[in-house]
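Coordinate inspection notes
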2 protein chains.
Amino acid sequence: MSELPVVQPPYRSAALLDYLARRMRLRTESALAPLGLRPRHLVALTMLRDTDSIAQQGLAEMLQLDGTNVVGLLNELEAQQLVTRRRSPEDRRRHIVELTQAGREKLAQAEFVLAAVEDYVLADLSLEQRGALFELLRQATASQFLHPTVECDAARTDTVGV
Amino acid sequence: MSELPVVQPPYRSAALLDYLARRMRLRTESALAPLGLRPRHLVALTMLRDTDSIAQQGLAEMLQLDGTNVVGLLNELEAQQLVTRRRSPEDRRRHIVELTQAGREKLAQAEFVLAAVEDYVLADLSLEQRGALFELLRQATASQFLHPTVECDAARTDTVGV
DNA sequence: AAGATGATTGGCACTACACAAATGATTGTT
DNA sequence: AACAATCATTTGTGTAGTGCCAATCATCTT
């Protein structure tokens, strides 16, 4: 199973991913607005659910977002009591970010609402296919949750020193 | 095989899609810059390759983009001779947009360059899985190519005739 | 002829960002 | 203890991507 015959025709997912994500985001925005959330909030909450607790910096790397913007994002989430920031016991400069119970519930609520959106945007996929897509997305992003710092060549060489 | 045990837990792809697309877009931007392209251009070119010819308005709907912005986007592409605008014979108000040969080549070139980016962003997926992902994305977006006018609520029934 | 439609241009507004600089709290080092 | 580095925060600046509105010209429909 390691023959890999190379399937290199028009085989690039980048544009399609961009396209589909945009379609999804457009619908998602309006569906989420009543909950006081925007897509970025949903992403952050999702990340936070999948990582028990994480330093604010780690979150920034995971989200590939500038540190200062993470502050603003968390301010918004904290204002709604969806996350908490507490000082790290080991290094009191750090803030450990965690999902609150309310945050968990809000996220579940948001996901419930999004079912309709996904049904619409992914209408051309069967249930099984949507499951497969979800699984692929989950797997493709899983390692970013665990060690977001894995940078490489094409990477920009900031924040390299740990 | 039609039992469908319903897997409805945290089963929403929207956030992951958003997240992965962002990761991809960040890398894509710098990889595409040397070619004088930005992600939006790539999406448009990809759409155009998959639709032999399309009215400018259809393109706007396909891209879910405001009409005036499509104009600007096409201006940029046309300035690089990647697409052509020609008057529709049936309705000379309309512009038919088509990929040029140069456009086709540029797109192929872009996709070649993007291989490295996808290898990086999708590093956690096997080749087979990337193929599966591509196929799912393609299928999920296919109908938008053919009849972008399919709106759920307000369905406008123009541009149907070829 | 009159009104609707497609493309175009220009302008205004807003969001999502990145980036830089300054501050306060804290840590680690010398 | 003094100093440098680090984390979070705030504020300010700049840019890209878009939506939306108004005006214009060409063209189609009635």
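Presented here is an overview of the structure given in this document. Sequence order as written defines the numbering, with residues in each chain counted from 1. Each chain gets a letter, beginning with A, and each ligand a number, beginning with 1, in the order they are written. Thresholds applied to this predicted model are a pLDDT of at least 70 for local features of residues and 80 or more for the giving and counting of side-chain atom pairs; totals over whole chains, interfaces and linings are not thresholded and use all residues. As a rule here, side-chain values cover all heavy atoms of the structure and leave hydrogens and water aside.

Okay, the protein's contact with DNA strand D next. One heavy atom within 4 Å of a molecule or strand is enough for the residue carrying it to be called near that molecule or strand. Taken together, 20 residues lie near DNA strand D, and Q56(A), R85(A), H95(A), R38(B) and D66(B) sit nearest. Counted by atom, the contact set of DNA strand D within 4 Å of the protein is 72% sugar and phosphate. Polar contacts here mean pairs of N or O atoms no more than 3.5 Å apart (in protein, one a potential hydrogen donor and the other a potential acceptor; neighbouring residues in sequence count only if both atoms are side-chain atoms). Side-chain polar atom of R38(B) to a phosphate oxygen of DNA strand D: 2.3 Å apart, as the coordinates give it. One of the side-chain nitrogen or oxygen atoms of T68(B) is found 3.1 Å away from a base nitrogen of DNA strand D.

This part takes up the sheet that holds strand β3 (residues 95-99) of chain A. Residues and elements named next belong to chain A. Taken together, 3 strands build an open sheet; the order of strands is β1-β3-β2 and the sheet is antiparallel. Of all strands in the sheet, those with a lone pairing partner are β1 (54-55) and β2 (83-87), marking the two edges. Pairing between strands is defined by DSSP: at least two bridges between them are needed. Only runs of H or I of at least four residues qualify as helices and only runs of E of at least two qualify as strands under DSSP, and these elements are numbered from the N terminus. Pairing of β1 with β3 involves 2 bridges; the strand directions are antiparallel. The partner of I54 across the bridge, within β3, is V97. It only takes one pair of heavy atoms within 4.5 Å for two residues to be counted as in contact. Between N-to-C directions, angles cover 0 to 180 degrees, with each direction set by a line fitted to C-alpha atoms, over the stretch in contact for helices. Across the sheet, helix α4 (residues 67-79) is in contact with β2 and β3; its angle to β2 comes to roughly 115°.

For the pair chain A and chain B, the relating rotation is 180°, the translation along its axis is 0.0 Å, and the fit reaches an RMSD of 0.0 Å. Taken together, the rotation angle and the small translation identify this as a two-fold axis. Taken together, the interface assignments show that 95% of the residues at the interface of chain A recur at the interface of chain B, consistent with an identical surface on both copies. When the copies are superposed, the least-squares fit takes in the C-alpha atoms of residues with a pLDDT of at least 70 in both.

This part is about the nonpolar core. In this structure, L59(A), V83(A), L59(B) and V83(B) are the most contacted members of the largest nonpolar core, which totals 89 residues. Apart from the residues lying within four places of it in its own chain, the contact partners of L59(A) are M47(A), L48(A), I54(A), V70(A) and L74(A). What makes a nonpolar core is a set of buried Ala, Val, Leu, Ile, Met, Phe, Trp, Tyr and Cys residues whose side-chain atoms join them at distances within 4.5 Å. Buried, partly exposed and exposed residues are distinguished by accessible area as a fraction of the type maximum, computed with a 1.4 Å probe on protein chains only: under 20%, between the cut-offs, and over 50%, respectively.

Turning our eyes to something else, we now look at the sheet that holds strand β1 (residues 54-55) of chain B. All names here are of chain B. The 3 strands lie next to each other as β1-β3-β2, forming an open sheet whose pairing is antiparallel. The strands lining the two open edges of the sheet, one partner per strand, are β1 and β2 (83-87). Where β2 and strand β3 (residues 95-99) come together, 5 bridges link them in antiparallel fashion. By the bridge assignment, V83 is partnered in β3 with L99. Against the sheet, helix α2 (residues 39-50) engages β1, β2 and β3, with an angle of about 95° to β3. Along the sheet face, helix α4 (residues 67-79) touches β2 and β3 and points at about 115° away from the line of β2.

Moving on, we get to empty space enclosed by the protein. In this analysis a 1.4 Å probe is tested at points of a 1 Å grid over the protein atoms alone, and where it fits but cannot get out there is a cavity; an open set with protein on both sides within 12 Å along at least five of seven lines is a pocket; lining residues have an atom within 4 Å of a point. Grid points are joined across faces, edges and corners, and a volume is the space filled by probe spheres set on the points. One pass over the structure, following the stated rule, counts 2 cavities of 30 Å³ or more. Of the voids in this model, the largest cavity is the one considered here, and its volume is about 70 Å³. Lining the largest cavity, in full, are A14(A), A15(A), L17(A), D18(A), A21(B), M24(B), R25(B), T28(B), P39(B), L42(B) and V43(B). At the level of secondary structure, the elements contributing two or more residues to the lining of the largest cavity comprise α1 (14-32) of chain A together with α1 (14-32) and α2 of chain B. Each residue is assigned to one class: nonpolar for Ala, Val, Leu, Ile, Met, Phe, Trp, Tyr, Cys and Pro, charged for Asp, Glu, Lys and Arg, and polar for all the others, Gly among them. Classifying every residue of the lining of the largest cavity gives 8 nonpolar, 1 polar and 2 charged. In this structure, the second largest cavity encloses a volume near 50 Å³. A21(A), M24(A), R25(A), T28(A), P39(A), L42(A), V43(A), A14(B), A15(B), L17(B) and D18(B) together form the lining of the second largest cavity. Mapped by element, the contributors of at least two residues to the lining of the second largest cavity are α1 and α2 (39-50) of chain A together with α1 of chain B. Class assignment of the residues belonging to the lining of the second largest cavity gives a composition of 8 nonpolar, 1 polar and 2 charged.

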